[in-house]
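What follows is each chain in one-letter form.
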Amino acid sequence: MAYQGFTQEYLGIPAVTRAYTTACVLTTAAVQLEFITPFQLYFNPDLIFRKFQIWRLITNFLFFGPLGFSFFFNMIFLYRYCRMLEEGSFRGRTADFVFMFLFGGFLMTLFGLFASLFFLGQAFTIMLVYVWSRRNPYIRMNFFGLLNFQAPFLPWVLMGFSLLLGNSIIIDLLGIAVGHIYYFLEDVFPNQPGGKKLLLTPGFLKLVFDTPEEDPNYNPLPEDQSANQPAADQDQNQQQQPPPQ
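Residues numbered from 1 in each chain as written. Predicted model: local features only at pLDDT ≥ 70, side-chain atom pairs only at ≥ 80, totals over all residues. Heavy atoms only, no water.

Tallying each qualifying case throughout the model produces six salt bridges. Salt-bridge contacts for E87 lead to R83; the nearest nitrogen and oxygen are separated by 3.0 Å. Here E87 and its partner R83 are both found in helix 5 (residues 69-87), four residues apart, which amounts to about one turn of the helix. Its relative accessible area of 17% is what places R83 among the buried residues. Where salt bridges share partners, they join R93, D96, E186, K197 and K206 into one cluster. (Salt bridge = Lys/Arg side-chain N within 4 Å of Asp/Glu carboxyl O. Helix = DSSP H or I, 4+ residues; strand = E, 2+ residues; numbered from the N terminus. Buried < 20%, exposed > 50% of the residue type's maximum accessible area, 1.4 Å probe, protein only.)

In this section: unusual backbone geometry. Positioned with a positive phi, E34 is a non-glycine residue whose angle comes to about 65 degrees. Along the polypeptide, E34 turns up in the loop between helix 2 (15-32) and helix 3 (45-49). For F52, which is not glycine, the phi dihedral falls at a positive 55 degrees. Topologically, F52 is positioned in the loop between helix 3 and helix 4 (56-59). Take F52: its relative accessible area is 63%, and that puts it in the exposed class.

Scanning all chains against the criterion turns up 19 aromatic pairs. The structure contains a cluster of three or more aromatic residues connected by ring pairs, namely F69, F73, F77, Y81, W132, F143 and F161. In this arrangement the basic side chain of R80 is found over the ring face of Y81, its NZ or CZ atom lying 5.6 Å from the centre. (Phe/Tyr/Trp six-rings, centres within 6.5 Å; stacked < 30°, edge-to-face > 60°. Lys NZ or Arg CZ within 6 Å of the ring centre and 35° of its normal.)

The quantities given are spatial measurements derived from coordinates; they are silent on function.
Okay, structure coming up:
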């Protein structure tokens, strides 16, 4: 029963959130079990473009360090805000959500070409938090019972927390910057005078991830209507027919 409950709960997680968090957990588990090493995962432009180790473009977003406080902290925020975005403003728009992943990952990768950044998963998490916080500006937040603030301040609070832990804030700033670029192009600029929507989800993503909508102008043939008539109505019609003489 416990296994069935876990399976049901796991399958109830939205598809994109489930896939990304599962990949992060499995990658960390593989490193902990020494099946692979972080040296096979980190972002290295020379190895990517000269040795064609293309997988590094993806794996650097999947490793959050060894098991410990930092890993669980990042996983909690990643799962929570990725799921809230997918079930909230991206509900029924899986292709648009995947496109946001691709757009954010592309910008972070471009920045990574000019900076010594080896793993970008934390920046990606901050990007998700930033977009969610800007789309929910009136929600009150509580951070470990110490701070109360409005949702748009959450990314900055997380950056301050990283600074207190002695971590570099470049990753956090990168996530905030990319999140703001996406938010501005998607939510702000199209609503400005003379503005327009610049981030257009490719058609092939909609074809793969979005369920096609039913044609509202479709009218079934009379045969289809009679075939779909409830059995109770058919029985009632038979009862109303006069008996043969």
